[in-house]
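Listed here are the chains, written in short residue letters.
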Amino acid sequence: MFDRARGVLTANAALKAYRRGDYDTALRKIKAAEPLFAIEPDARQRDCDLGRLHQLAGQVYMRLGDVEKGLCSFARAEEHLEKDPRNFRRYGEAMHDIAIYFAELGIRSVAEMYIEKAEKAVGHLPSYADQIQQVRRDLAGQGHRRMTAAVIESLRHDLESTRTDADRAMHSYNLGAALLEMDGADQHEAFAHVRSAVVYYAKRDREKFLQALSILTDSRHRGRSFPAWLDSASEHALRVARENASPRNIADAELGRAAFLLSRGDLQNALTHALTAVARNNEISARTDGSALRLFNNIGGEAAREVALQIACARNDTALAAELMESARLQVLPTGGATAERYRGMSPAGLLTTLGATRVSRMRPIAVDGFSHLASLYTEDVAGTPLSFEDCVRQVGGEDAWWWGAWGFNERIYWCVRGGGEAACGFLDAADGTELGDALETLLNASLVNEDATASDVLNGPLSSSYREEEALSTLLGHHLIPPVLRAELLRRIDTGNPLQLVLCGTLFAVLPTALLGIETQSSDRYPARLIDAAVPRVAPPAALMDYVDRHPTFPLDELPLSVACVDPCGDLQFARRVPPGTEIVLTHPGATPQALAIALRRLGPSHPSLFYYSGHVSGRGDVESGLALEGNLVTADLIFTSSGDAPALPFPSRVMLAACASSGAGGDGAGEWFGLASAILWAGARQVVATNWRVWDTPFTSRFDLDLAEALRRPEDAATALRAVQLKWLHRWRSTPQGANPVEAPLPVIWASYICIGARG
């Protein structure tokens, strides 16, 4: 009894410390209370106490920016509280509160799971029903940005019928935020309601005060004219955040200040705060043990990067734009050692933690033209020596390579081009209703990037139904997406036999059939040119990984032997079963086990001068759990990352071809750090990986294309050049494909345009 009493007192002290923003003290008190509750003989009371304690721990960790520990604490809270069905009220309260935290993180799907649990537990109680419906409205507002008149009237009614100052502040903010989302609403009225809440919270609740100013950090309000009172409010928020010393609060307050200054045209001071917000968010990501969690935790960082990119584009500062785009792919490497941690709980929070828990080494800033804007803003325990942007581009594309970055966020595409003494940057509007936005939507709906698309959807879409339809869409996309300075250079290269070496960086290229982009020419007697007519596209891994890969040895050879081919390892492919001629070691079903593959590859050692060919499935997400599907098990990226390149657990030869669905991981599924399968293979000895950006059908044509490409990759020429030559061959055949040809035999671009080359040149 006395132990529990001390536990309750200690837990109350933790709650008070949390409410005043003293998170370190709160954690100490929580850790002290846990063993006192754990020895409580009454199991029902023990689970109730531990559940509430772990819920508080989750809230504290969230405020500290440690999302992984927050998720685990929430999962433990749910496990304890759901054990006793009679304890439905406390369980429902906890589920409601946890839903709010996930909603604030922007993890809408998980928030919806928790609010559904809350509704089942306490939704029948009048005191909770309104709160639950409000959370549902907030979540619906995240998914549907337009507020209806009915919703606005409901919020007005909530405000008019409230009785306490605290409730009035809450409802004032809800109404103001909703009005800001509604087209044609009175913006003066909207900000007046928000101000009423901000003034109330500024004196009474620091956390809610900072949350109320989230209108400044919401990218949907970018470009809005903010009222003057937000000047002093955003300054005060920054002081409060620094006093609280919460990394997340500081990052958000820096972003809010930057957004306000940007709205007033103070570009220099806005940039200072935006870059600081980027640095703080990157630090939080680097300290988070889990790629999926880094992604969820970096929403504010992406918004801050957008503010900085807007300023870079306004100034045509291509060095800053290039640094921001390169650093968007968090410049980190795995630490090595067994990295994957599994949480076996069945809650949504527990399931999230199974998406990968790779730890990372120090983050590396990027220096462009010898200078990094972010390097001096990082703390010493996070950042390492800056990497050279120019060295990375040279390693990937050669001395004369051009670099093209394209980064999409908030219905805009920011771009930057540097090369040949030319440099330019800017952004494109890709919102719904714009020509570019509609073209991109058509592309995604008609491609295998769209996981909801049926085979009929894809085959009848503009990328597959006919050459003319595909040409029209590709040329429209090329017209918008290829920057003018790059288009001029590509036009000069067409038909010269000297293609441009083009290094690609950014999220756009993971979903775009880059090779197909059309280039309008003045000639009326030829097909529109395509990007691969004039360029050799190459995908650059993050500079930190490229710096590592470039240390792999190279060997001059007349022809690369095809050392190992793993073909149809699960025995379920209909067409992709043919083994490339000349293969030295063949693994196929039955017998293509992880052990057999390890034995075959270890005979060669890392960076062996040969080609490894894989034709099968890649399973899992584009993160540490993605892997080669072999007989009986997966060979995951996490397994490949478990040791250094000098003695990898699974070594790969210098060149690798992955004829498998979505095997490139080119989008960076975590916080952009590229901890997927292709990067793991580069880590384990390969210098080039040819892989796919989206799903690839198993058709007779796919089998022919894969064997054709494998033969080309055995030649000593550069891998990206070999890939381009094969794609050009099939582009010519696609142009001459007769209308009504059998789609399973046709050279469909949705198949061959998916293949890209990642890694070093050579």
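Whatever comes next refers back to the structure up there.
Residues numbered from 1 in each chain as written. Predicted model: local features only at pLDDT ≥ 70, side-chain atom pairs only at ≥ 80, totals over all residues. Heavy atoms only, no water.

Structural notes on the overall build of the protein
Logical step 1: A count of helices and strands for the protein gives 31 helices and 18 strands.
Logical step 2: Burial status across the protein gives 59% buried among its 762 residues.
Logical step 3: Partitioning the contacts of the protein with sequence separation of at least 6, the portion at a separation of at least 24 is 70%.
Logical step 4: Of the roughly 29900 Å² of accessible surface on the protein, 51% is carried by carbon and sulfur atoms. (Helix = DSSP H or I, 4+ residues; strand = E, 2+ residues; numbered from the N terminus. Buried < 20%, exposed > 50% of the residue type's maximum accessible area, 1.4 Å probe, protein only. Contact = heavy atoms within 4.5 Å. Areas by Shrake-Rupley, 256 points an atom, 1.4 Å probe, with all protein chains shown as cover.)

Comments concerning the packing of aromatic side chains
Logical step 1: Using the criterion set out here, one finds 16 aromatic pairs in the structure.
Logical step 2: Here Tyr18 and Tyr23 contribute two aromatic rings whose centre-to-centre distance is 5.9 Å and whose plane-to-plane angle is 50°, an arrangement assigned as tilted. Taken as a pair, Tyr18 and Tyr23 share a single burial class, namely buried.
Logical step 3: The interplanar angle of 70° and the centroid separation of 5.6 Å between the aromatic rings of Phe612 and Phe652 together place this pair among those described as edge-to-face. Linking Phe612 in strand S12 (residues 611–615) with Phe652 in the loop between helix H27 (637–640) and strand S16 (655–659), this pair joins segments that are 40 residues apart in sequence. Phe652 matches Phe612 in its accessibility class, with the two residues each being buried. (Phe/Tyr/Trp six-rings, centres within 6.5 Å; stacked < 30°, edge-to-face > 60°.)

Focus: the pattern of salt bridges
Logical step 1: This model, assessed by the stated rule, comprises 28 salt bridges.
Logical step 2: Its salt-bridge partner being Arg418, residue Glu390 comes within 4.0 Å of it at the nearest N-O pair. With a gap of 28 residues between them, Glu390 in helix H19 (residues 389–397) and Arg418 in strand S4 (residues 412–419) connect regions that are remote in the sequence.
Logical step 3: Overall, Arg418 belongs to the buried group, its relative accessible area being 15%.
Logical step 4: Here the salt bridges do not stand alone but share partners, grouping Glu153, Arg156 and Glu189 into one network. (Salt bridge = Lys/Arg side-chain N within 4 Å of Asp/Glu carboxyl O.)

Thoughts on unusual backbone geometry
Logical step 1: Here His589 and Pro590 are connected by a cis peptide whose omega angle stands at -5°.
Logical step 2: With respect to the helices and strands, the residue Pro590 is situated in the loop between strand S11 (585–588) and helix H26 (594–604).
Logical step 3: Backbone geometry at Asn410 places phi at a positive 55°, although glycine is not the residue there.
Logical step 4: Position of Asn410 relative to the elements: it lies in the loop between strand S3 (402–409) and S4.
Logical step 5: For Asn410, a relative accessible area of 22% gives the class partly exposed.
Logical step 6: Although it is not a glycine, Asp568 sits at a positive phi angle of roughly 45°.
Logical step 7: Here Asp568 is to be found in the loop between strand S10 (562–567) and S11.
Logical step 8: Using a relative accessible area of 5% as the deciding quantity, one classes Asp568 as buried.

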